[in-house]
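Report on the structure
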Amino acid sequence: MQNQNYDPQAIEEKWQSHWEVSNKFLPKESEKKFSIVIPPPNVTGSLHMGHALEHSMIDVITRMKRLQGYETLWLPGTDHAGIITQLLVEKELEENGISKHDLGRENFLSKVWEWKEKSGDNITNQMKSLGMSCDWSRERFTMDEGLSEAVREIFISLYEQDYIYKGTRMVNWDTQLKSAVSDLEVSSSAENGKLWSIKYKTELDDYIVIATTRPETLLGDTAVAVNPDDKRYSHLIGKKVEVPIVNRMVEVIADDYVDPEFGSGCVKITPAHDFNDYEIGLRHDLDFVRCIDFEGNIESKDFIPTNLHGLNRFKARKEIINQLDNENLIHSIDDHEIQIPRGDRSKTILEPMVSEQWFVKTKDLAKKAIDVVENDEIKYIPKAWEKTYFEWMYNIQDWCISRQQWWGHRIPAWYDSEGNHYVGRDELEVRSKNNLSEKMELTQDEDVLDTWFSSALWPFSTLGWPNDNEDLQKYYPTSLLVTGFDIIFFWVARMIMMGIFTMNEIPFKDILIHGLVRDSQGRKMSKSLGNTLDPLELSKKHGADALRFSLIEKANPGQDVPFDEEWTVAAKKFGNKVWNAAKFVHMYTDELDSYELTEIKCSENHWIINRFNQTLEEFNSLMVTYKISDAYKTLYNYLWADLFDWYFEFAKTLMSNDSSKEETQKIIRHIFLKSLTMLNPAMPHLTEEIWSSFNKENLIDSSWPELINTNHDDDNFVENLKEIISSIRNFRLTYSIKNSTTISLFSVKIQEDWFTTQLSSLVNAHIEDINGLNNEESTTIFQSGKFKFEVVASEYFDKEKEVNRLENKINQLQKSLDVSKSRLENENFMKNAKQELIDLEKNNLDSSLDEISNLEIALNSLKR
RNA sequence: GGGCGCUUAGCUCAGUCCGGCAGAGCGCUUCCCUUACAAGGAAGAAGUCACAGGUUCAAAUCCUGUAGCGCCCACCA
């Protein structure tokens, strides 16, 4: 027997440890497989609302599949999150006055590992406390031995098949991290800046004006470009101009890139510090003169005035402007909105920098990854995201995978003293493969790989690749990926490419894209706005089940979730309702020895079975398209309105009668427990606890409901009954007739027994034959379908008010009647509409006419 | 500059693919402590389906355009 009150805290931890200890989350052998890998959270992070949403969605699907008899694996794990984690540890060290260079690489890394060990369990424990049904025995970490081996193997085979190359390229350089970052890790924002127009002397003893937003880069100018069709400057093409301050003579070149309409139509070209200029530099074979170093300071080179040496690039800008001004070389200064590229992690302004990096050639890999989505082997849900995916994939750039960091997978490449590189599993292998003498000194590449490189391997590396094992056979490709749209490029696209490259098979079939959790006003949750909510706190306050349900109830594909704590409060009330419903079922049914269903006779029981079946069917079909929110809203409405509000009341009547008692006891118990099973994936603790008060085995080991056989068509009689009950209750309210007052209802003929029994018991009425009614009495009428009841006016109500009520009712019916009438009289409608629809209108016409005429009779009797 | 999405009740959203009398939850109003549940029950009120045209017997739904909001991508110095 269950406790008196619903207390989530009292039951949730108990079941979490029970499930885990008794290995309930391990896959159970079955023909049908369902596997999913978690989008690995950062190992040092803690759970936020986005995680809670994502994990709740995954867990609902996972638990449903488990109940449906699939061999179900949800594989958890965490990501080493290279840059963020390193920054975090560096920051902590700095607070103690230690820099990572003081420690050196080895010592620093052991500090990071310490940190990882310390906080690594944090997020998994938080997941456990929300009841996530991951197979924790298979938990992985992107830097553990197996996954590191996978990274090495794939780096090597990509390299050997020419998909990885090392090259000197223009990259986005983060001067704080002192590392290259990929194009994707750059966010541009429009900011107010200046456009400086600067005079460059020409060899014709004249000057031209060039416009720039970054005057400090003129130190590295190696050309000035104009549009080839620009008549104003055609005489200068091929001539020299002098770059101020460094007094370098550079050529005026013609390039289509230059827009003659913008600024003066002349552009300074700095091939070493601008992406466009870099391209132009390549096209025109210009010199690449670096004038800013990797820390963002001006280089101390001979051609640069010494007062600028080592100066930070922004200070240098001021200094250069001053100097130009002194030399009278500033033509004008205008306000100008500029796009400032910042690093996602450090938030500092990035510097385009030419440097030597490792790249993945993506064109061919992307081609295959596009094909599998185009031919529907992989489906995005919602489908609209496929367009975004295609757009990026068609224009994909080579992927810069090296990072000048310490925390991460070190690049498996070694250099000899001449700078030649050799790729291999380790130094020994490199030597033997390349016939290098043992005397030759080799040093390993200092850099590590982009974190997303190891994440891209996640769907198979976590299953044990490169070892060909049972898990890989069974669970690859995985069934589903649930993730946010913000990492489609970072992660999803790359997993598809790497999955196909490595396994020759797609990594997952469906990609379910969820939305963002926002605050109740629809704003993004952010620390700076102070509108973040802590899922753990919410769970503590209202229960994990309530938190899960409040998220699930809003979680349709692609849909943002505007979250309000009220939703969680409401979900807890729902849990309480279910709890009390369970008590009710116990109270009325525990006395039976067997709950085996037998023949079903009662209309109300047929009705609830039909409602259950409809709900189950709708739920199942919504879940096929991952409309989790709609599925659970459907279940919620059915449970609360149909089962608890209506059916439980009907059942009380049925169970007070010996002839229908046992049948109803069986049905109510059966339906309740089946419905509870459907709720289980969303509210696992509550349902498991309730289940345990009815059954010996666990709900998690039970199975998903099937449709219940009923030989009875769904007639409308119970709906008629509900309608009449509602209108009589309305009638009571209108005339303040106390519930304790028994109303006398007169029926034309004594209606079916079950109907009148329910009616009289639910609205406290006494039902009599119409013959007992004095013809002179004014009456009012309640009708639905074939069921009709009259009530004597003088006993209960005010005639005038009732005339009003009836007239309103007639008006309503009349409107509907008019619609049907006009349609049926419309030749074109009769010609074109489906027969079904015509029949529907005819039926409506008939029933409306009938009801109206009955209401009019009552109306007349009142007006007498 | 390109691309995508959204606009339906006070709030959050279904419904739009495939046209057939506008739906749900929350909130709101009134009544009710009736032995599962007041964390509850009952009954209500509430919408020019953003706007303007068009197609159709029939449009929230299809077509064209407009406006507002949001997001993504992009090198105009």
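Residues numbered from 1 in each chain as written. Chains lettered and ligands numbered in written order. Predicted model: local features only at pLDDT ≥ 70, side-chain atom pairs only at ≥ 80, totals over all residues. Heavy atoms only, no water.

1. Structural notes on the overall build of chain A
What chain A contains, in helices and strands, is 27 helices and 29 strands. Taken over the C-alpha trace, chain A has a radius of gyration of 37 Å; the compact-globule value for 864 residues is 29 Å, which it surpasses by more than 25%. When the 864 residues of chain A are sorted by exposure, 55% land in the buried category. Considering only residue pairs separated by 6 or more positions, chain A has 76% of its internal contacts joining residues 24 or more positions apart. Here chain A has roughly 39,300 Å² of accessible surface; of this, 46% comes from carbon and sulfur atoms. Charge centroids of chain A, computed over 98 positive and 143 negative side chains, lie 2 Å from each other. (Helix = DSSP H or I, 4+ residues; strand = E, 2+ residues; numbered from the N terminus. Rg over C-alpha atoms; globule rule 2.2 N^0.38 Å. Buried < 20%, exposed > 50% of the residue type's maximum accessible area, 1.4 Å probe, protein only. Contact = heavy atoms within 4.5 Å. Areas by Shrake-Rupley, 256 points an atom, 1.4 Å probe, with all protein chains shown as cover. Lys, Arg positive; Asp, Glu negative; His and termini not counted. Charge placed at Lys NZ, Arg CZ, Asp CG, Glu CD.)

2. Quick look at the sheet that holds strand β14 (residues 351–360)
Across a sheet, strands are paired by hydrogen bonds formed along the backbone, either parallel or antiparallel in direction. Across the sheet, which stays open at both edges, the four strands sit in the order β6-β5-β14-β16 with antiparallel pairing between neighbours. Where the open sheet ends on each side, the last strands, each with one partner, are β6 (179–181) and β16 (399–400). Two elements, strand β5 (residues 164–174) and β6, share three bridges in a ladder whose sense is antiparallel. Among the inter-strand pairings, N172 is bridged to a residue of β6, identified as V181. (Pairing = 2+ DSSP bridges.)

3. Observations concerning helix α3 (residues 82–95)
With 14 residues, α3 ought to run about 20 Å at 1.5 Å a step, and its terminal C-alpha atoms sit 20 Å apart, in line with that. Every buried residue of α3 is accounted for by G82, I83, T85, Q86, V89, E90 and L93. Buried residues of α3, viewed axially, fall in a sector of 165°; they line one side. Seen from the buried face of α3, the exposed residues on the opposite side, beyond 90 degrees, are K91 and E95. The elements touched by buried residues of α3 are α4 (100–129), β17 (402–403) and α11 (451–455). Following α3 by one or two positions, G97 has its phi on the positive side, about 75°. (Expected span 1.5 Å × (residues − 1). Arc of directions from axis to C-beta.)

4. A word on the protein's contact with RNA strand B
The environment of RNA strand B is formed by 52 residues, the closest being D259, F262, Q559, W640 and N844. In this structure, A211 approaches RNA strand B through a main-chain N or O atom, which is 2.7 Å from a sugar or linking oxygen. For RNA strand B, a phosphate oxygen lies 2.9 Å from a polar atom in the side chain of N730. Here the element with the most residues in the surface near RNA strand B is helix α17 (residues 565–589); it accounts for ten residues. Its residues assigned to classes, the surface near RNA strand B shows 20 nonpolar, 18 polar and 14 charged. (Near = heavy atom within 4 Å. Polar contact = N/O pair within 3.5 Å; in protein donor to acceptor, adjacent residues only side chain to side chain. Nonpolar A, V, L, I, M, F, W, Y, C, P; charged D, E, K, R; others polar.)

5. Points about the packing of aromatic side chains
In total, this model carries 45 aromatic pairs according to the counting rule given. Ring centres 6.2 Å apart and planes at 35° place the aromatic pair F390 and Y394 in the tilted group. With F390 and Y394 both in helix α9 (residues 385–394), this residue pair falls four residues apart, about one helical turn. With 3.8 Å between their ring centres and 15° between their planes, F755 and F787 make a pair best called stacked. Of the two residues, F755 sits in helix α23 (residues 753–762) while F787 sits in strand β29 (residues 787–792), which places them 32 residues apart along the sequence. Here F755 and F787 have matching classes, each one buried. Three or more aromatic residues link up through ring pairs in this structure, and these residues are F549, F574, F619, Y632, Y636, W640 and W704. The residue whose ring lies beneath R494 is W399, and the NZ or CZ to ring-centre distance is 4.0 Å. (Phe/Tyr/Trp six-rings, centres within 6.5 Å; stacked < 30°, edge-to-face > 60°. Lys NZ or Arg CZ within 6 Å of the ring centre and 35° of its normal.)

6. Describing the packing of helix α2 (residues 49–67) against helix α16 (residues 544–552)
Close contact between α2 and α16 brings their axes to 9 Å; oriented N to C, the two are set at 90°. Taken together, the axis directions place α2 and α16 in an arrangement best described as roughly perpendicular. Residue-level inspection shows M49, A52, L53, S56, M57, D59, V60 and R63 of α2 in contact with α16, the latter providing L547, R548, L551 and I552. Among the residues making up the contact of α2 with α16, the classes are represented as eight nonpolar, one polar and three charged. (Axes fitted to C-alpha atoms, helices over the stretch in contact; angles between N-to-C directions. Parallel < 35°, antiparallel > 145°, perpendicular 65-115°, else oblique.)

7. Things to note about the pattern of salt bridges
Counted under the stated rule, the structure contains 49 salt bridges. With a closest N to O distance of 3.6 Å, E29 and K474 form a salt bridge. Separated by 445 residues along the polypeptide, E29 in the loop between α1 (8–21) and β1 (33–37) and K474 in helix α13 (residues 470–475) bring together distant segments of the chain. Members of the salt-bridge network, linked through shared partners, are E29, K33, E71, E470 and K474. (Salt bridge = Lys/Arg side-chain N within 4 Å of Asp/Glu carboxyl O.)

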